[in-house]
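# Architecture at a glance
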Amino acid sequence: MPRYAMAIDLSLCVGCAACAVACKMENEVPPGVYNLWIREREVGTYPDLWVEFRPEQCLHCENPPCVPVCPTGASYQTEEGLVLVDPRKCIACGACIAACPYDARYLHPAGHVSKCTFCAHRIAQGRLPACVETCPTLCRTFGDLDDPESPVSKALKEAGRMDVLRPELGTRPKLFYLNAPSKKGLTREKEVRHD
């Protein structure tokens, strides 16, 4: 059974938001809510100043805090490690939204919680997630962590530096950031969401 993960090489991301647009189109995400967004961070001080673009979305944690709090079982984890929501079982109580430390879930206008699925419907067809397939700089890789020949395994092995968001929480995210600059010298951070 595969164990899916994604890696994003921040040294290659240019903040074009093609991934966010592809996600919205592929998953029919309504205006005003987001499965994926871009965080911009200004790093350094003049004259050594640059902008880092960091796409953020559900991290498909190995230890997802959103799953055990769901009273109906609508939030669940597949054998492959994908963290999903069954909209037919969801009562929109918001417990999983509150439990997610990454703000990756939202209340869909149709009356259920939604989030990034790593395009589970595409994976089932043997295709890549839309954000991976669309990225013009090829900064995103996806695959099976248990397969040493998968693109994501190779990217993790070859990365100069690897980070996950908020590792101290013990959620064990399966979205990895590669070649991220250190937070030392961070001057400003803002979130950009594209409709």
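Residues numbered from 1 in each chain as written. Predicted model: local features only at pLDDT ≥ 70, side-chain atom pairs only at ≥ 80, totals over all residues. Heavy atoms only, no water.

## Concerning the overall build of the protein
The line we're drawing: What counts as a helix is a DSSP run of H or I of at least four residues, what counts as a strand is a run of E of at least two, and both are numbered from the N terminus. Radius of gyration here uses only the C-alpha atoms, and the compact-globule reference equals 2.2 Å multiplied by the residue count raised to the power 0.38. A 1.4 Å probe rolled over the protein chains alone gives each residue an accessible area, and that area as a share of the maximum for its type sets the label: buried under 20%, exposed over 50%, partly exposed in between. The criterion used for residue contact is that any of the two residues' heavy atoms lie within 4.5 Å. Per-residue and other accessible areas were derived by the Shrake-Rupley procedure at a 1.4 Å probe size, with only the shown protein chains allowed to occlude residues. None of His or the chain ends enter the tally, which takes Lys and Arg as positive and Asp and Glu as negative. Every charge is mapped onto a representative atom, which is NZ of Lys, CZ of Arg, CG of Asp or CD of Glu.
Helix and strand content of the protein: 5 helices and 11 strands. Here the protein has a C-alpha radius of gyration of 16 Å; the compact-globule value for 195 residues is 16 Å, and the two agree. The buried share of the protein, taken over its 195 residues, is 49%. When contacts within the protein are restricted to residue pairs at least 6 apart in sequence, those whose partners lie at least 24 apart make up 59%. About 9800 Å² of surface is accessible on the protein, with carbon and sulfur atoms providing 54% of the total. The protein carries 23 positive and 24 negative side-chain charges, and their two centres are separated by 3 Å.

## Some thoughts on the packing of aromatic side chains
We describe a pair of aromatic rings using the distance from one ring centre to the other and the angle between the two ring planes. Cut-off, in case you're wondering: Paired rings are identified among Phe, Tyr and Trp, the last through its six-membered ring, by centres lying within 6.5 Å, and are further divided according to the angle between planes into stacked (under 30 degrees), edge-to-face (over 60) and tilted (the rest).
Taken as a whole and judged by the stated rule, the model has 2 aromatic pairs. Between phenylalanine 118 and phenylalanine 142, the ring centres sit 5.4 Å apart and the planes meet at 85 degrees, which makes this aromatic pair edge-to-face. Here phenylalanine 118, found in the loop between β7 (112-114) and α3 (120-123), pairs with phenylalanine 142, found in strand β8 (residues 140-144); they are 24 residues apart in sequence, far enough to count as distant. Taking relative accessible area as the criterion, phenylalanine 142 reaches 5% and is therefore assigned buried. Among the aromatic residues, those joined into a ring-pair cluster are Tyr4, Phe118 and Phe142.

## Examining helix α5 (residues 151-158)
For an α-helix, the turn length of 3.6 residues means that residues three or four places apart are oriented alike. We apply this condition: Here the arc refers to the directions that run from the helix axis out to each C-beta atom.
Looking only at α5, the buried set comprises Val152, Ser153, Ala155 and Leu156. What you see down the axis of α5 is that its buried residues fit within an arc of 165 degrees, all on one side. Residues of α5 that are exposed and angled more than 90 degrees away from the buried face: Lys157 and Glu158. At its buried positions, α5 is contacted by β1 (4-9), β8, β9 (162-163) and β10 (175-178).

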